[in-house]
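Reading the structure
Chain residues, written in single-letter form:
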Amino acid sequence: MIDGIDISISDVEILSLAQTRWKRAEGAHKAARYVAAVTNDRLHPRTLFTWFNLHAIKKDGLTLRHPATKKQATLSTGDFTPFFTGATHLLAAVYTLGGELDKKIVHPDYPDEMLRHFGYMGALAALTQTASFLTQLAEKRAQSQGVGVSPPLSPGSIDGWELSGQSELCGLFPMEKLGVVQKENGMLSPMNTLSVVIAMGPGFTDQRVGSPCRLCRMKGSCTLSCSNHRASALKKAS
């Protein structure tokens, strides 16, 4: 486990993600600075990740093999399975910001709508930076092997790979070390927690882990950029 990932968000990041009506509202900059400070004080970003060899591609899922232990695992990727043709390795990960931030976002200390909105945007910015740690790992390994990488892929957000598949992905890790639990509906708690897979191999041409938006089941109808998209965009702009 990588614990205590060094990240820090700013009021500028919060305002860049915020809805136009709130970023232009009176007192927005002061509120964003306050939320950034509170968010940074309560962040506890950490991740569990591992590499797997892609052992076999079946009709509706993948068989993975750990390169060291040779232990096998299955991911039921459903109708999305053909996307992995051409992959040879997967980076699988679960990452979280910890539970203290959740308590603040839903707490009455954020009594008005603008502060609550900025609180969610602050968490999104922090998830973005945490995701960047993983995307850089994947890109460096792919570069060393002379292959390409996929966008970040998460069960439930990708057409064909249902949220029910998240239990298999999370089952690859000792989730108690992260302080994360999966609820009956498949969602993870704390709420600022994500599971993700990044594929790599000769079947991919991208050298950077780009946006998953073209694969997302929302088909551009969402009102927020997901953390994986922002991780790619912000990193390339830096």
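Residues numbered from 1 in each chain as written. Predicted model: local features only at pLDDT ≥ 70, side-chain atom pairs only at ≥ 80, totals over all residues. Heavy atoms only, no water.

**Some points on the overall build of the chain**
- When you go through the chain residue by residue, the secondary structure sums to 7 helices and 9 strands.
- Split into buried and exposed, the 238 residues of the chain put 50% on the buried side.
- Long-range contacts, defined here as pairs at least 24 residues apart, represent 75% of the contacts in the chain between residues at least 6 apart.
- Accessible surface computed for the chain: about 11,400 Å², of which carbon and sulfur atoms make up 52%. (Helix = DSSP H or I, 4+ residues; strand = E, 2+ residues; numbered from the N terminus. Buried < 20%, exposed > 50% of the residue type's maximum accessible area, 1.4 Å probe, protein only. Contact = heavy atoms within 4.5 Å. Areas by Shrake-Rupley, 256 points an atom, 1.4 Å probe, with all protein chains shown as cover.)

**A few points about the pairing of strand E9 (residues 193–201)**
- Counting buried positions along E9 gives 8 out of 9 residues, so the element sits mostly inside the fold.
- Bridge analysis of strand E5 (residues 89–96) against E9 gives 8 bridges, and the strand direction is antiparallel. By the bridge assignment, Tyr95 is partnered in E9 with Leu194. (Pairing = 2+ DSSP bridges.)

**Description of the nonpolar core**
- Ranked by internal contacts, the top residues of the largest apolar core, which has 42 residues, are Ile14, Leu97, Phe118, Ala138 and Met200.
- The element best represented in this core is helix H5 (residues 113–145), accounting for 13 residues.
- Ile14 has contacts with Ile9, Ala32, Val35, Ala36, Phe118, Met121 and Gly122, leaving out every residue within four places of it along the chain.
- Among the nonpolar cores identified, the runner-up in size contains 27 residues, and Phe52, Phe83, Val180 and Ala199 belong to it. (Core = buried A, V, L, I, M, F, W, Y, C linked by side-chain atoms within 4.5 Å.)

**Concerning the side chain of Thr96**
- In this structure, Thr96 sits in strand E5.
- Taking the relative accessible area as the measure of exposure, Thr96 reaches 0% and is therefore buried.
- At 2.8 Å, the side chain of Thr96 and the side chain of Thr193 are in polar contact.
- Residue contacts for Thr96: discarding those within four places in its chain leaves His44, Pro45, Arg46, Leu178, Val180, Pro190, Asn192 and Thr193. (Polar contact = N/O pair within 3.5 Å; in protein donor to acceptor, adjacent residues only side chain to side chain.)

**Some details on the side chain of Asn192**
- Within the secondary structure, Asn192 is located in the loop between strand E8 (188–189) and E9.
- Given the relative accessible area of 8%, Asn192 is considered buried.
- Setting aside residues no more than four positions away along its own chain, Asn192 makes contact with Tyr95, Thr96, Leu97, Leu101, Asp102, Ile105, Ala123 and Leu127.

**Regarding the pairing of strand E2 (residues 46–57)**
- Judged from the 2 bridges that link them, strand E1 (residues 2–3) and E2 form a sheet pairing that is antiparallel. Pairing of Ile2 across the sheet is with Thr47, part of E2.
- Inspection of the sheet shows E2 paired to E5 by 8 bridges, in the antiparallel sense. Along E5, the bridge assignment pairs Phe52 with Leu90.
- Here 4 bridges tie E2 to strand E3 (residues 62–65), and the two strands are oriented antiparallel to one another. Considered in E3, the bridge of Asn53 is made with Arg65.
- Between E2 and E3, which pair antiparallel in sequence order, lie 4 residues.

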